[in-house]
Amino acid sequence: MGHKCFISFKKEDADYRKAVIELLGKENYIDKSLDRIIESEDGDYIMQVIREDYLRDSTVTIFLIGTHSSENEGTDLFGRDKNYFIKRELQGSLFNGKGNTRNGILGVVLPNMYDSIFKGTYHCTKCNGNHNHVAINDNTVIREFSANYYCEPHDGCAWQDKDRYCVLVKWSDFKNSPGTYIDEAFEKRNADVVGRISIKNLR
């Protein structure tokens, strides 16, 4: 493996973060999380600060997808997105700026989200084949992930690996072979499919 990983997570999933660190070893992760609002109207500046102060040296971002990791989590008492920090961490991970390249993005679906995301297969009337139904949308993840998992445009009647920037895996599979999926996400950094979410219009 040998890739430095940044872990993006909600506090409710802190036990899984701890388990990831144990799997990776302390030398393979960045022990930081975005913990402050960066006051600026300049999107590039915000992203550069996140890269330099939080994501420095990381090449893969692991996004732990739990029950509180969706676009529809709502706002806090200050009217700010409850997932503000995860959004910024993923935006910073997708930022190709001065002195850095974008990170690979690996979404790890935690067990309490299996049934919400993995919906089995469906029959396709276009190709007469069967495809996996994976519900990656505003109800399950944030847009920074979903737009880079179901990238537009794409070829054919369903998305293939070459049509995705983000990599997705169940927790049970990840914990059995973390290096396999981290390597896959790392290789996506130079893929033709790149981050589709604009970081110029920060939300």
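Asks: Requested: an account of the sheet that holds strand β3 (residues 60–65), with residues and values cited.
Replies: If you trace the 5 strands from one edge of the open sheet to the other, you get β2-β1-β3-β4-β7, paired in parallel fashion. Pairing within the sheet leaves two strands with one partner each, and these edge strands are β2 (29–30) and β7 (167–170). Bridging between strand β4 (residues 104–109) and β7 involves 4 bridges; their strand directions are parallel. Pairing of Leu106 across the sheet is with Val167, part of β7. Against the sheet, helix α1 (residues 14–24) makes contact with β1 (5–8), β2 and β3, and its axis sits at roughly 140 degrees relative to β3, the strand it touches most. Lying over the sheet, helix α3 (residues 84–94) contacts β1, β3 and β4, oriented at roughly 150 degrees with respect to β3.

Asks: So what's going on with the nonpolar core? Residues and values would help.
Replies: Counting 40 residues, the largest nonpolar core has Ile62, Leu106, Phe145, Leu168 and Phe174 as its most contacted members. Top element by residues in this core is β3. It accounts for 5 residues. If you look at the next biggest cluster of nonpolar residues, it comprises 11 residues, including Ile38, Met47, Tyr54 and Leu55.

Asks: Any chance you could break down helix α2 (residues 43–53) for me, citing the residues and the numbers?
Replies: Because each turn of an α-helix spans 3.6 residues, side chains separated by three or four positions in sequence point in the same direction. Listing the buried residues of α2 in full gives Gly43, Ile46, Met47, Gln48, Val49, Ile50 and Arg51. Buried residues along α2 sit against α3.

Asks: Any details on the packing of aromatic side chains? Residues and values, ideally.
Replies: In the structure shown here, the tally under the stated rule is 8 aromatic pairs. Taken together, a centroid distance of 4.9 Å and an interplanar angle of 75 degrees make the contact between Tyr149 and Tyr150 edge-to-face. Judged by its relative accessible area of 7%, Tyr149 falls in the buried class. Residue class for Tyr150 comes out partly exposed when judged on its relative accessible area of 22%. Ring pairing ties together the aromatic residues Phe63, Phe145, Tyr149, Tyr150 and Trp159, which thus form one cluster. Directly above the ring of Tyr114 sits Lys170, whose terminal nitrogen or CZ lies 5.1 Å from the centroid. We note Lys170 situated over the ring of Phe118; from NZ or CZ to the ring centre the distance is 5.1 Å.

Asks: Tell me what's going on with the pattern of salt bridges, and back it up with residues and numbers.
Replies: Applying the stated criterion across every chain, the model contains 6 salt bridges. Between Glu71 and Arg143 there is a salt bridge, with its nearest N and O atoms 3.3 Å apart. Here the residue Glu71 occupies a position in the loop between β3 and α3, and Arg143 occupies one in helix α5 (residues 143–149), the gap between them amounting to 72 residues. A salt bridge links Arg143 to Asp138, with the nearest nitrogen and oxygen atoms 2.9 Å apart. Judged by its relative accessible area of 24%, Asp138 is partly exposed. Overlapping salt bridges bring together Glu71, Lys87, Asp138 and Arg143 as one network.

So, how was this worked out
Residues numbered from 1 in each chain as written. Predicted model: local features only at pLDDT ≥ 70, side-chain atom pairs only at ≥ 80, totals over all residues. Heavy atoms only, no water. Pairing = 2+ DSSP bridges. Helix = DSSP H or I, 4+ residues; strand = E, 2+ residues; numbered from the N terminus. Contact = heavy atoms within 4.5 Å. Axes fitted to C-alpha atoms, helices over the stretch in contact; angles between N-to-C directions. Core = buried A, V, L, I, M, F, W, Y, C linked by side-chain atoms within 4.5 Å. Buried < 20%, exposed > 50% of the residue type's maximum accessible area, 1.4 Å probe, protein only. Phe/Tyr/Trp six-rings, centres within 6.5 Å; stacked < 30°, edge-to-face > 60°. Lys NZ or Arg CZ within 6 Å of the ring centre and 35° of its normal. Salt bridge = Lys/Arg side-chain N within 4 Å of Asp/Glu carboxyl O.

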